[in-house]
Every structure is written in C-alpha cells, then in structure tokens.
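What follows is each chain in one-letter form.
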Amino acid sequence: MGSFIGTTIEWYDFFLYGTASALIFSKLFFPSYEPLVGTLLSFATFGVAFLARPLGGIIFGHFGDRFGRKPMLVITLMMMGVATGAIGLLPTYETIGVAAPIVLVLLRILQGLSVGGEYGGAVLMTVEHAPPNRRGWYGSWVQAGSPAGLIISNAVFLLITTQVSQEQLLAWAWRIPFLASFVLVIVGIVIRLSLEESPAFQRVAKSERVETAPLVTVLRNHKRQVLLTAGAYVSTGVTVYLAAVFSLSYGTTTVGFSYSEMLVLVLLGQILAFVLMPTFSHVSDRVGHKRVFMIGIVGMALMAFPWLWLLTTGDFVPALLGFVLLFIPYSATYGTMAAFFAGVYETRIGYSGLSLGYQLGTVVGSALAPITATALVAATGTVASVGWYMVATAVLSLAAAIWLTSAVAAPVRDADSVGTEMVT
C-alpha cells in the first residue's frame, strides 16, 4: 500500500502534464503558432520527459542498487512534487515570452528524471517483499498506481472544466491541479519514510555482495535483456498514451467531443484498468506472468481499429465501448508487467537493469506515441494510420516478450534463493 500510494502520487503529477499538454498548453505556451503546430510543440514538451527517464533510471538505479530502494523512492517523490507544483506557478508566454516554454521544458525534464528513477524502485520494493507465489498480485498494485494517478488527474481536470468557463480555465483554473501537488507530495513522503527496506536488498547488503558499479555490470552482461525489456514494453506505452493523451486532442479538435466528454471517456477506461489489473495479475500467479502479458499484447493489437472506429463515430456510448475494449487487454499486459520484468535481473543489479530497460522502452513507445499519431493523421488524412501504428508496435513487443523469457534465467531476489526464485 505504501508503494501504491506513493506511485499514485508520482503518476498523478506526471499525467497532469499529459492532460494539460493536450487541452491547454498549446494555447498558453505556444500561442503564436497554428493550432496543429502548437499541438505538436505541446506534445513535444510532453515527450521530452521520456528522454530524461532513462537518465533518471541510470542515476537512481545506481544508488538504489548500492544504498537501497527506500531512500531513492523518497528523493524521487520529492523531486516530482516540486517540479509539478512549480509548473502551477509558471508564468505563461504572454507574461514572460519565450522563457515560459523553456522553463516548462526544464520542469518537465525534472519530472522525467523523477519518474524514471521511481518506477524500478517501487516495483522492486513491492515484488521483493512478496511471497514467491504472489508476485503478480503484489506487483500489480504498483502498476495500478498508474491508472489511479490518471484517474485522479483527469477527475480534477474534469471537475474544473465543468465548474469554470473556458476563459477562466485558461486564465487561472488550470493551475489548481498542479499546485495541489505540494500537498500530495508531503503525504507521499511521510508514507514512504515509514516503509521498511526491501528484505532482498537487506540480504545482499548483509552478505556484502552489493554491486559497486551495477550499470557497468548490466551493460556488460545483460544488454540483451535490457533491449528485450524495452521492446516488450513499447506496445503498452503506445496504447495507453494514445488513449490517454492523443485521444484528448483528436477527440476534441477533430471528432467534436467536448473536453468534459473526452476526460470522462479516459477516466472510465482507467477505472476499468484499475479494477482489472489486480484481477489479471492474480490469474498470472497461477498460469504464468509471461502468458497473461502476451495475451494482453495480442488483445491490444486486435482492439486498435475497433477503438479508433468507435471513437470517430462522435457518439459517447460507442466511444466508451471502444475504450472498454482497448483497456481490457491493456490491463492484462500492464498489470503483470511488474512481476514479469522484475524476474529478469538479480537483486544486486535489479534497480539498474529494470529501470534502464523499462525507461528505454518508454522513449520508443510512450514518448513518441502522441506526436507520432498526430503527425500520421496530418500526413495521411485518416486515423487508420494510427491503427496500423498500434498493430506494428504490438508485433514488436510480442516478439520481444517471447525472446525475453527464453533468454533469461535469473532469480527475482538473490542468488541465495535460486531454488525458489526462478522466473516462471
């Protein structure tokens, strides 16, 4: 629960920017450009955080493997809260000119460093506490922090957009969700300070087998695992960021939905994901994390075109059905991801290896998804190109997931427990 609450706050902060980049930032920080160009620039600042995420994973992974998971989780949460709150205080382009988008990008980079360092530690903190036959269930609650954070951020924006006018939203109301981060981060830090260090890391520390240069070891001996981990994630990142970010812009500017309607669609889809992730992960503890993970990837490929077709009807109920169809397989893959990926590396290099592989995947998948989809629609004139993009990334991830499991035989916890900790 401690990891879940802290991760929820991290993702709330991170997704706030995605929602604002789709609905607001193009008007406040890039107002001198055509609407399409402004949207692309706004999505570009959204994506720049993903370039910083691997660096965050490297930095905090190194210290997390040397000094423990707990202190890194406290530091990353503090960084995220400060960066997000500062965005709420940032003057717009109209007030300080070009300095506004520059500072916005710098704060977004700080967010990227934070979430890049946080994810691997939160996963390992939870999975390394789990009983051997419950890793999927335990790990799913870290994964559930993502939809929980998105639910809260979208709910806050939905509440604001229904209570104020468009002019008030652009003038001052958009700042409220960002400023709330100052309060939430205090709650999260108090919770994370109360956590005990991972027992698996404690065993490594007591046996004096702490890796002095974990990143070097990962790059020397585990490059294949890192690349396969990244590839296995790509489809999941593309799916969720198209559904949660690209659809907000496309649905309001092209299809004709209102801001509130699109926020409700994403919100309901994420509520479904929040419920289904622990469910699928519980099943994966019985039938195998890899199997459920891969079934979800196939499902996301199959549901790509139905989701887009139902969204372009412009009717709320068919569009909601599309989001439901897409988020069911997404939940299967993302919910089991923590247990699946945590089994790739030994404890002494787990933070560095998991963080680097996962965060590289976010650069290729999550970061590029909104801007790629927007560019594809502009270039082809049809949203079908986005569907083929989703299918192509699913094929890539499915192949990587197959090879990842067959290429790895590392214990989840440490070398002293090989008999009971081998990857399923």
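Calculation criteria
- Residues numbered from 1 in each chain as written.
- Predicted model: local features only at pLDDT ≥ 70, side-chain atom pairs only at ≥ 80, totals over all residues.
- Heavy atoms only, no water.
- Helix = DSSP H or I, 4+ residues; strand = E, 2+ residues; numbered from the N terminus.
- Buried < 20%, exposed > 50% of the residue type's maximum accessible area, 1.4 Å probe, protein only.
- Core = buried A, V, L, I, M, F, W, Y, C linked by side-chain atoms within 4.5 Å.
- Contact = heavy atoms within 4.5 Å.
- Phe/Tyr/Trp six-rings, centres within 6.5 Å; stacked < 30°, edge-to-face > 60°.
- 1 Å grid on protein atoms, 1.4 Å probe; cavity = no way out; pocket = protein on both sides within 12 Å on 5 of 7 lines; lining within 4 Å.
- Points joined across faces, edges and corners; volume = space filled by probe spheres on them.
- Nonpolar A, V, L, I, M, F, W, Y, C, P; charged D, E, K, R; others polar.
- Salt bridge = Lys/Arg side-chain N within 4 Å of Asp/Glu carboxyl O.

Some details on the environment of threonine 95
Next up, step 1: One can find threonine 95 in helix α5 (residues 93–96).
Next up, step 2: With a relative accessible area of 59%, threonine 95 lands in the exposed category.
Next up, step 3: Placed 67 residues apart in sequence, threonine 95 and leucine 28 show a C-alpha to C-alpha distance of 9.9 Å.

Brief notes about the nonpolar core
Next up, step 1: Core analysis: the largest hydrophobic core is formed by 113 residues, its most contacted members being Phe25, Tyr241, Leu242 and Phe341.
Next up, step 2: Considering every element that reaches this core, the biggest residue donor is helix α13 (residues 223–255), with 15 residues.
Next up, step 3: Discounting residues that sit within four places of it in the chain, phenylalanine 341 has contacts with Thr229, Ala232, Tyr233, Phe293, Leu354, Tyr358 and Leu404.

Structural notes on the packing of aromatic side chains
Next up, step 1: Summed over the entire model, instances satisfying the criterion amount to 26 aromatic pairs.
Next up, step 2: Seen from their ring centres, phenylalanine 4 and tryptophan 141 are 5.7 Å apart, and the 85 degrees between their planes marks the pair as edge-to-face. In this pair, phenylalanine 4 sits in helix α1 (residues 2–23) while tryptophan 141 sits in helix α7 (residues 135–163), placing the two residues 137 residues apart along the sequence.
Next up, step 3: By relative accessible area, which is 13% here, phenylalanine 4 ends up buried.
Next up, step 4: Measuring from ring centre to ring centre gives 5.0 Å for phenylalanine 305 and tryptophan 388, while their planes differ by 75 degrees; the resulting arrangement is edge-to-face. Placement of the pair is phenylalanine 305 in helix α15 (residues 289–311) and tryptophan 388 in helix α19 (residues 384–407), with a sequence separation of 83 residues.
Next up, step 5: Among the residues examined, phenylalanine 305 registers a relative accessible area of 14% and is labelled buried.
Next up, step 6: Here a set of aromatic residues connected by ring pairs shows up, and it is made of Tyr17, Phe25, Phe29, Trp174 and Phe178.

Observations concerning empty space enclosed by the protein
Next up, step 1: All told, the structure shown has 2 cavities of 30 Å³ or more when counted by the stated rule.
Next up, step 2: Counted as a void, the second largest cavity has a volume near 50 Å³.
Next up, step 3: Considering the residues around the second largest cavity, the lining is formed by Trp11, Phe15, Ser146, Tyr233, Thr236, Val240, Tyr241, Tyr330, Tyr334 and Tyr358.
Next up, step 4: Of the residues forming the lining of the second largest cavity, the biggest block, 4 residues, is contributed by α13.
Next up, step 5: When the residues that make up the lining of the second largest cavity are grouped by side-chain class, the tally is 8 nonpolar, 2 polar and no charged.

Here we look at the pattern of salt bridges
Next up, step 1: If you walk through the whole model with that rule in mind, you get 5 salt bridges.
Next up, step 2: For glutamate 118, the salt bridge is made with arginine 192, and the minimal N-O distance between the two is 2.5 Å. With glutamate 118 in helix α6 (residues 99–127) and arginine 192 in helix α10 (residues 181–193), the pair connects residues that are 74 residues apart, well separated along the chain. Each member of the pair, glutamate 118 together with arginine 192, is buried.
Next up, step 3: A network of salt bridges, in which partner residues are shared, links Asp65, Arg69 and Glu128.

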